[in-house]
There are 2 protein chains.
Amino acid sequence: MPKISLKAANMPQSPIRKLVPFAEKAKKDGKKVYHLNIGQPDIETPETLLNAIKNFAPKVVEYSHSAGIESYRKKLVTYYNRYNIALDYSNIMITTGGSEAIEIAMMTCLNEGDEVIIPEPFYANYNGFSTQANVVVKPIRSYIETGFALPPITEFEKLISSKTKAIMICNPGNPTGYLYSREELNSLKEIVKKHDLFLFSDEVYREFCYDGKEYISVMHLDGIENNVVMLDSVSKRYSACGARIGAMISKNKEVMEAALKFGQARLSPPTFGQVASEAAIDTPDSYFEKVKTEYVSRRDFVVKALNEMDGVFCTKPSGAFYCIARLPIDNADKFCQWLLEEFNFNNQTVMLAPATGFYSTANAGLNEVRLAYVLNLTDLKNAMQSLSEALKVYPGRKVKAKEAVA
Amino acid sequence: MPKISLKAANMPQSPIRKLVPFAEKAKKDGKKVYHLNIGQPDIETPETLLNAIKNFAPKVVEYSHSAGIESYRKKLVTYYNRYNIALDYSNIMITTGGSEAIEIAMMTCLNEGDEVIIPEPFYANYNGFSTQANVVVKPIRSYIETGFALPPITEFEKLISSKTKAIMICNPGNPTGYLYSREELNSLKEIVKKHDLFLFSDEVYREFCYDGKEYISVMHLDGIENNVVMLDSVSKRYSACGARIGAMISKNKEVMEAALKFGQARLSPPTFGQVASEAAIDTPDSYFEKVKTEYVSRRDFVVKALNEMDGVFCTKPSGAFYCIARLPIDNADKFCQWLLEEFNFNNQTVMLAPATGFYSTANAGLNEVRLAYVLNLTDLKNAMQSLSEALKVYPGRKVKAKEAVA
C-alpha cells in the first residue's frame with residue numbers, strides 16, 4: 001500500500017472540527033449540545049442574497065472568469081468604497097471562500113521555508129494553510145489580560161530574520177474579537193515598510209465592530225500599497241458561510257497577476273455563490289444594524305456570565321463574535337472532550353473550541369477556550385448555565401471554588 | 001516592493017485561457033468568435049439541478065460537513081452503483097470542482113520532488129497542480145496516429161525510479177477523447193501493483209462514451225483498491241461547470257482520512273452546488289441519451305470536416321467532447337493568436353486551444369490544436385468554414401495546399 005505524503009501526515013487536524021465525533025455521539029445519546037465551538041452564525045441570511053438565487057435562471061451554469069464575475073468585482077468596488085477603501089476592480093480576485101484567498105496569497109507571496117509572523121492566538125487554519133504552502137509560522141504571544149492587543153513592535157523586530165517575508169493579522173480578530181487601533185496599525189505599517197514585508201490582513205469581520213469603535217483596514221495605510229494583501233469573505237458578513245465566496249485584494253499588480261495563474265488552474269470560483277454575493281451588496285443597512293444589536297447583547301450577556309463564574313476571566317471584545325475565556329481547568333482539550341463525553345446538566349451540554357488550537361506555541365492556551373456567540377440569547381443562557389455547572393464538577397478543575405478558598 | 005514567490009513565477013499560465021485577451025479584443029472589434037477552445041458546453045443544464053436551487057430556501061446558508069453533505073455523499077453511492085462501482089459514502093469526499101479533488105489528492109499522496117507519470121497530451125492544468133504541489137511530471141508521449149492510445153507499458157517501466165509515486169490518467173481523455181480499453185487498464189493495474197504506485201484517474205467524462213464502447217473505471221480493477229484514487233466532477237456531466245462540485249474517491253482509508261484534513265482547513269465545499277448536484281442525480285436517462293446523440297453528431301461532423309481540409313488529420317475519438325487535430329502549420333500558439341488578431345472570414349473567426357499546452361515535453365504538439373465540440377451544429381459549420389479558410393491563407397502554413405502540390 002503506497003504511503004501518504006509527509007505533508008498529509010503533518011497537516012494539522014482542525015482543532016475546531018476534531019471534537020465533532022464526540023458531539024455526534026452525544027447527540028446520538030439524546031443530549032442537547034449547544035454549539036459555541038464554530039463560527040457558524042444562526043443569524044438569518046438576508047433576503048437580497050436568497051432571492052438572487054431563487055431568481056437565477058441560467059440555461060447553462062457556466063464557469064465564470066477565473067478572477068470572478070466582472071459585474072460582481074465592479075460592484076465590490078462600491079462596497080469597499082463605503083469603508084473608504086478605494087479600489088479598481090482589477091485589484092480584486094474572487095476566491096472560493098476566504099480560505100482559498102489565504103491559500104493563494106501564501107502560494108503567491110511566500111517561498112518554501114519563508115517565515116510569516118502572526119500574533120497568536122490566531123485562526124487555527126492559518127497553521128493548515130502554512131503547512132500546505134511549506135511556510136513557517138513564527139507566532140508572537142498576545143495576552144488575555146490586554147484583551148489580546150497587538151504585541152509590542154519590539155517583539156516583532158526580535159523575530160525578523162532574512163527568512164521573514166510577511167506579517168499576518170486578523171482584524172477584527174478571530175478568535176480574540178480584538179479590534180486593532182489606528183496606532184497599532186500604524187506601527188505595523190512602519191515595520192512592514194522598514195523590512196519590505198508583505199502584510200496579509202484577514203478582515204472578514206469588518207461588519208462586526210462594536211461600541212462605536214473605528215474599523216481601520218490595512219488598505220487605509222498609505223505608502224505600503226504594494227505590501228498589503230487583504231483577505232476577505234462573505235461568509236460572516238451575510239451569514240452565508242456555505243456560499244464559499246471570498247476575495248483576495250491587493251494593489252500590487254505583480255501579485256494579482258501571479259495569483260490569477262493559481263486562479264486559472266482551478267478554473268473559477270462558484271457561480272451560484274457569486275450571483276448571490278453580488279446581489280447581497282444591496283442588503284439594507286437596517287439588516288446590519290439589527291445584527292449588530294443582536295451580537296452586542298449576546299456578547300454583553302456571555303462576557304458577564306463568564307466573569308461571574310468562579311475562577312473564569314475574559315475581557316470584552318470590540319469586534320467579531322468570539323471571545324476567549326480563561327477557565328480554572330487543567331487542559332482545555334480534555335475539558336472540551338469531557339463536556340461532550342461525560343457531562344450533562346439537565347441532559348444539555350456545550351461544545352467549545354479549546355484555545356490550544358489557536359496557538360502555535362506548544363502548551364499555550366491550555367486553560368483557555370474560544371466561545372462563538374452565534375446562538376440566540378435563550379440558548380446562550382442555557383449554554384452558560386451548563387458551562388457554569390460543568391466547571392463546578394470537572395475533575396480537572398485547578399483553582400478551587402471561592403467558597404472553598406474562603 | 002516585496003517579491004512574489006518562485007512558485008508563483010513558475011506557475012504556468014493556462015494555455016487555454018491565455019489567449020482570452022486576444023479574443024476579447026477581437027469581439028470588441030466586432031468579430032464573431034466561435035469558442036472551440038474551452039470545455040464549456042452549450043448543453044442546457046438539466047431542470048432537476050436548476051429546480052433544486054430555485055426551491056432551496058434555507059434560513060441560513062450554512063457550511064456543510066468538510067467532506068460534503070452526508071445525504072449527497074450517500075446518494076452518490078447509488079449514482080456510482082449504476083456504473084458497477086461499489087462504494088461506501090466514507091470513500092467519497094466532496095470537493096470544490098474536480099480541480100480541488102486533484103489538488104488535494106496530490107498534496108495527500110505525493111511528497112515534494114516525487115514523480116508522477118502522465119501520458120501526454122494531458123489536461124493542461126495537471127501541470128499547474130503539480131507546480132502547486134512541487135511534484136515532477138514525467139510525461140510519456142502518446143500519438144495522434146493511434147488516436148492517443150495508451151503508450152506501451154514498457155515505456156512506463158523505463159521511467160519508473162525510486163521517485164515515482166503515481167501514474168495519472170484521464171479516461172475518457174481530455175484533450176484526446178480517447179477511451180481506454182479493458183486491456184489498457186489491466187496493463188496499468190499490473191504496473192501499479194508491481195511498483196506499489198498510486199493510480200489517479202480523472203473520470204469526469206464517463207457520461208460521454210460513444211459507439212457502444214465500454215467505460216472501464218479504475219474502480220473496476222481488483223486488487224489495487226488501496227492504490228486507486230478517482231477524481232470526479234459534475235461540471236461536464238450536468239453541464240454545470242459553474243457549480244464547482246467534484247469528488248475525490250478512494251477505498252484507501254489512510255488517504256481519505258488525510259485528505260479530510262485538507263478539507264477541514266478550507267472548511268467545506270459550496271452548499272448551493274452540493275444541493276444542486278444531489279438533486280441532479282435524479283436526472284432522467286433520456287437527458288443523457290439526447291446529449292450523447294447531440295455530441296455524436298457534432299463529433300462526426302467536426303472530424304469529417306477536419307479531415308476534408310487540406311493537410312489536416314484527426315482520428316475519431318470515442319469519448320468526451322474534444323479532438324486533437326494536426327494542422328499544416330508552423331506553430332499552434334502563433335496560429336491560434338493569429339486567428340484572433342489577424343484573421344476573419346465574413347467577420348467571423350474561431351478560437352482553438354494550441355496543443356502545446358497539453359504536452360509537457362518541449363516543442364511537442366507544435367502543429368496540433370484541441371477542439372472542443374461544445375457548440376451547436378450551425379455554429380460548428382461556421383467555425384469549420386472559418387478554420388478551413390484560415391488554413392488557406394495562414395502565412396505560417398507548412399504543407400502546401402494539394403492544388404499547389406499537384
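Residues numbered from 1 in each chain as written. Chains lettered and ligands numbered in written order. Predicted model: local features only at pLDDT ≥ 70, side-chain atom pairs only at ≥ 80, totals over all residues. Heavy atoms only, no water.

**Q** Please give an account of the environment of A:E183 that cites residues and values.
**A** Tracing the backbone shows A:E183 in helix α8 (residues 182-195). Along the chain, A:E183 and A:L150 lie 33 residues apart, while their C-alpha atoms are 10.0 Å from each other. (Helix = DSSP H or I, 4+ residues; strand = E, 2+ residues; numbered from the N terminus.)

**Q** Describe the relation of the copies chain B and chain A, with residues and values.
**A** Placing chain B over chain A gives an RMSD of 0.0 Å and needs a rotation angle of 180 degrees, together with 0.0 Å of translation along the axis. Such a combination of rotation and displacement between the chain copies is what one expects of a two-fold axis. When C-alpha distances to the rotation axis are compared across chain B, the minimum falls at B:K54, with a value of 2.2 Å. Most of the interface of chain B is mirrored in chain A: 100% of its interface residues are interface residues there too. (Least-squares fit on C-alpha atoms with pLDDT ≥ 70 in both. Contact = heavy atoms within 4.5 Å.)

**Q** Before we move on, can you summarise helix α10 (residues 271-280) of chain A with the specific residues and values?
**A** Within α10(A), 9 of the 10 residues are buried, which leaves the element mostly enclosed by the surrounding structure. All buried positions along α10(A) are accounted for by A:T271, A:F272, A:G273, A:Q274, A:V275, A:A276, A:S277, A:E278 and A:A280. Of the surrounding secondary structure, the elements contacted by the buried residues of α10(A) are α3 (47-54), α4 (70-81) and β2 (92-95) of chain A together with α3 (47-54) and α10 (271-280) of chain B. (Buried < 20%, exposed > 50% of the residue type's maximum accessible area, 1.4 Å probe, protein only.)

**Q** Tell me about the sheet that holds strand β9 (residues 322-326) of chain B, residues and numbers included.
**A** Pairing is antiparallel across the open sheet formed by 3 strands, whose spatial order is β9-β12-β11 (chain B). Of all strands in the sheet, those with a lone pairing partner are β9 and β11 (353-354) of chain B, marking the two edges. (Pairing = 2+ DSSP bridges.)

**Q** Got a sec to walk through the interface of chain B and chain A? Specific residues and values, please.
**A** On the side of chain A, 81 residues touch chain B, which itself brings 81 residues to the contact. On the chain B side of the contact with chain A, B:P2, B:R17 and B:Y63 bury the most area, a combined 11% of that side's loss. Between B:E44 and A:K59 there is a salt bridge; the shortest N-O distance is 3.7 Å. Viewed at the interface, chain A and chain B are joined by 40 residue pairs in polar contact (both at pLDDT 80 or more). Looking at the side of chain B that touches chain A, the elements with two or more residues in it are α1 (6-10), α3, α5 (97-109), α6 (125-132), α9 (253-265) and α10 of chain B. With 7 residues, α9(B) is the largest single contributor of residues to the side of chain B that touches chain A. (Buried area = accessible area lost by both parts, 1.4 Å probe. Salt bridge = Lys/Arg side-chain N within 4 Å of Asp/Glu carboxyl O. Polar contact = N/O pair within 3.5 Å; in protein donor to acceptor, adjacent residues only side chain to side chain.)

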